[in-house]
Structure formats: C-alpha cells, structure tokens
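Survey of secondary and tertiary structure
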Amino acid sequence: MNSRAWKCALVSVPLALSVSGCVGWGGYPHAKNVHESQLMGTWRAQKCHTTLTLNSDGSASATGIPTEMELDGKVTQKVGGDGTWEIDESGDTRQLDVTIGDQETAFDLYRDEGRLLVGLTVGDPDDANRCVLTRQSAAHPDRQGRADTQAA
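The structure presented is a predicted model; accordingly, all values stated were derived computationally and were not measured. (Residues numbered from 1 in each chain as written. Predicted model: local features only at pLDDT ≥ 70, side-chain atom pairs only at ≥ 80, totals over all residues. Heavy atoms only, no water.)

**A closer look at the nonpolar core**
- Counting 27 residues, the largest nonpolar core has L39, L52, L54, W85, L96, V98 and F107 as its most contacted members.
- Going through the elements one at a time, strand 1 (41-45), strand 2 (50-54), strand 3 (59-69), strand 4 (75-90), strand 5 (93-100), strand 6 (103-112), strand 7 (115-121) and strand 8 (130-141) are the ones with two or more residues in this core.
- At four residues, strand 3 tops the list of elements feeding residues into this core.
- Apart from residues no more than four positions distant in its own chain, L39 is found in contact with V34, L54, W85, I87, L96, L109, L116, V118 and R135. (Core = buried A, V, L, I, M, F, W, Y, C linked by side-chain atoms within 4.5 Å. Buried < 20%, exposed > 50% of the residue type's maximum accessible area, 1.4 Å probe, protein only. Helix = DSSP H or I, 4+ residues; strand = E, 2+ residues; numbered from the N terminus. Contact = heavy atoms within 4.5 Å.)

What follows is the structure, encoded as structure tokens:
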C-alpha cells in the first residue's frame, strides 16, 4: 500500500466509524423525542412472530418476544404474557422497556422515513439477530374512557 492509500485509509476509517455511530442497526437513525402516545397500540414483527400491545395505562401484553435465537434467526426461547411498559430516557436516545413477569426487554426506537420502528436485538449484536416491530394499530379512548384499537 502506498503512502497516499495509507493517508486515505487513516482519514476514511475514523470518518466511517463516526457516521455509523449515529445510525442504529439496519441503517435506521435512532428516534429522538418519542412520546408515550406514539407507542400506544399494537406492534408486530412477522419474522419473529411477535406481537406487542402497549396500553395508555402503562400495561402491556405480548406474545412471542424472543429471548434466544440461533445464528440462522430461528427463535429457540420466547416470553409472553401481561406486564408493563415505559420509555427509558438515557441521554439523547430513548428505549422502550417492557417487563413481562421477571423478564425485562429493552427495545430500541428508530425512524425509517419518518415512521417509528421498535427494534429488538436478540443475543450478541454481532450475530445480527433482530426483530423489527411495526405499528399495526393505535389505541384511542372511546367516550367511556376505554381504549379501543383501530387500524393505523
């Protein structure tokens, strides 16, 4: 490698690393300023067979949240049931924390062309086992104050 190539590499590598630090997995940027109202409703990930419903009172229900996956993406352990949810604000980024029984799962929040995504990395991030949940419906209170779900 000649001197010019070395100089280019010395400039390019730190630049690429600094840019990738601003972007979440899959190239999606982390969502900022996410509010509870944006998360309420039903979220699904077809690949992982996961459904997550977040209610306005902080309660949640879930089926099929993967806790273990093989390298090929096959889910080997999962959790489901009723629990709670909240937004964890640490620094500039937000996470969705869902607790089902004694299992707490931290979901990352991303944007894809303005659309909010809920992402879960299962196991070692280097294995790239990920689930992306998209919002299927939003919770809207009716006249009696109950939350009904309607297609988004």
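So, next bit.
**With respect to the pairing of strand 1**
- Here strand 1 lies mainly inside the structure; four of its five residues are buried.
- In the sheet, strand 1 pairs with strand 2 via five bridges, with the strands oriented antiparallel. Residue W43 lies in a different strand from strand 2, and its bridge partner there is L52.
- Adjacent in sequence and paired antiparallel, strand 1 and strand 2 are bridged by four residues, among which H49 carries a positive phi angle near 55°. (Pairing = 2+ DSSP bridges.)

**Quick notes on the confidence of the model for the protein chain**
- Averaged over every residue, the pLDDT of the protein chain is 78; the share at 70 or more is 73%.
- Within the protein chain, no element has a lower average pLDDT than strand 9 (residues 147-151), which sits at 33, and none a higher one than strand 2, at 97.
- Every residue in residues 6-23 scores below 50 in pLDDT, and together they form seven contacts with partners more than four places removed in sequence or on other chains.
- Segment residues 140-152: pLDDT under 50, and 20 contacts once partners within four positions in sequence are set aside and those in other chains are kept. (pLDDT = per-residue confidence, 0-100.)

**Remarks on the side chain of R94**
- Turning to its location among the elements, R94 is positioned in strand 5.
- Since its relative accessible area comes to 14%, R94 is described here as buried.
- Discounting residues that sit within four places of it in the chain, R94 has contacts with A31, N33, V34, I87, D88, E89 and L109.

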